[in-house]
Amino acid sequence: QVQLVESGGGLVQPGGSLRLACVASGTIFSSYAMAWYRQAPGKQRDLVAHITNSGRTNYVDSVKGRFTISRDNAKNTVYLQMNSLKPEDTAVYYCNAGRALFTTTFLPSEYWGQGTQVTVSS
């Protein structure tokens, strides 16, 4: 029902910036809350940020002030602007289309993108 494709990853130096994009198709994009997850080698996939269908945003503490999630419903796209990148941000970043409860809780669905690699290294 929902197809997601991530892009924008790459290799950057510490302190640099990247902008990730996730394009959705196959359903009504505006009805979903959207989220970015990341998975580092040997670790679980963790929620980084999410945005509700009304535009409210939430972030994990480790990225607050550095990352910004946004959405453009006309383009069926969710973005993650990442500034002041650190080596510990290195991971594969995934997009998910799900639901938001109580503003701060994101419920992921089975709909994942293929992921995009972000590597922060000097």
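Everything numeric here is computed off the predicted structure, so don't read it as measured data.

Asker: I would appreciate a short explanation of unusual backbone geometry in the present structure.
Answerer: Note: most peptide bonds trans; most residues except glycine with negative phi. Positive phi is not limited to glycine here, since N76 has a value of about 50°. Residue position: N76 is located in the loop between β7 (67-72) and β8 (77-82). Positive phi outside glycine occurs at S84, with the angle close to 50°. Following the sequence through the fold, S84 ends up in the loop between β8 and β9 (91-101). For S84, a relative accessible area of 40% corresponds to the partly exposed category.

Asker: It is not clear to me how the side chain of E6 should be interpreted in this structure. Could you clarify?
Answerer: Structurally, E6 can be placed in strand β1 (residues 3-7). It turns out E6 is buried and unbridged, and the closest side chain with the opposite charge, R45, is 7.1 Å from it. Within polar-contact distance, the side chain of E6 engages the backbone nitrogen of G113 at 3.5 Å. For E6, the side chain forms a polar contact with the main-chain nitrogen of G115, separated by 2.8 Å. Contact partners of E6, with chain neighbours within four places excluded, come to A21, C22, W36, Y93, Y94, C95, G113, Q114, G115 and T116.

Asker: Honestly, the pairing of β8 in this entry has me stumped. Any pointers?
Answerer: Regular strands place side chains that alternate from one sheet face to the opposite one. Burial within β8 is extensive, with five of its six residues counted as buried. Here six bridges tie strand β3 (residues 18-25) to β8, and the two strands are oriented antiparallel to one another. Opposite A21, over in β8, you have Y79 as the bridge partner. The pairing of β7 with β8 spans six bridges and is antiparallel. Each residue of the ladder has a partner; that of D72, found in β8, is T77. The hairpin formed by β7 and β8 contains four residues between the paired strands, and N76 there has a positive phi angle of roughly 50°.

Here is what the cut-offs are and how they apply
Residues numbered from 1 in each chain as written. Predicted model: local features only at pLDDT ≥ 70, side-chain atom pairs only at ≥ 80, totals over all residues. Heavy atoms only, no water. Helix = DSSP H or I, 4+ residues; strand = E, 2+ residues; numbered from the N terminus. Buried < 20%, exposed > 50% of the residue type's maximum accessible area, 1.4 Å probe, protein only. Lys, Arg positive; Asp, Glu negative; His and termini not counted. Salt bridge = Lys/Arg side-chain N within 4 Å of Asp/Glu carboxyl O. Polar contact = N/O pair within 3.5 Å; in protein donor to acceptor, adjacent residues only side chain to side chain. Contact = heavy atoms within 4.5 Å. Pairing = 2+ DSSP bridges.

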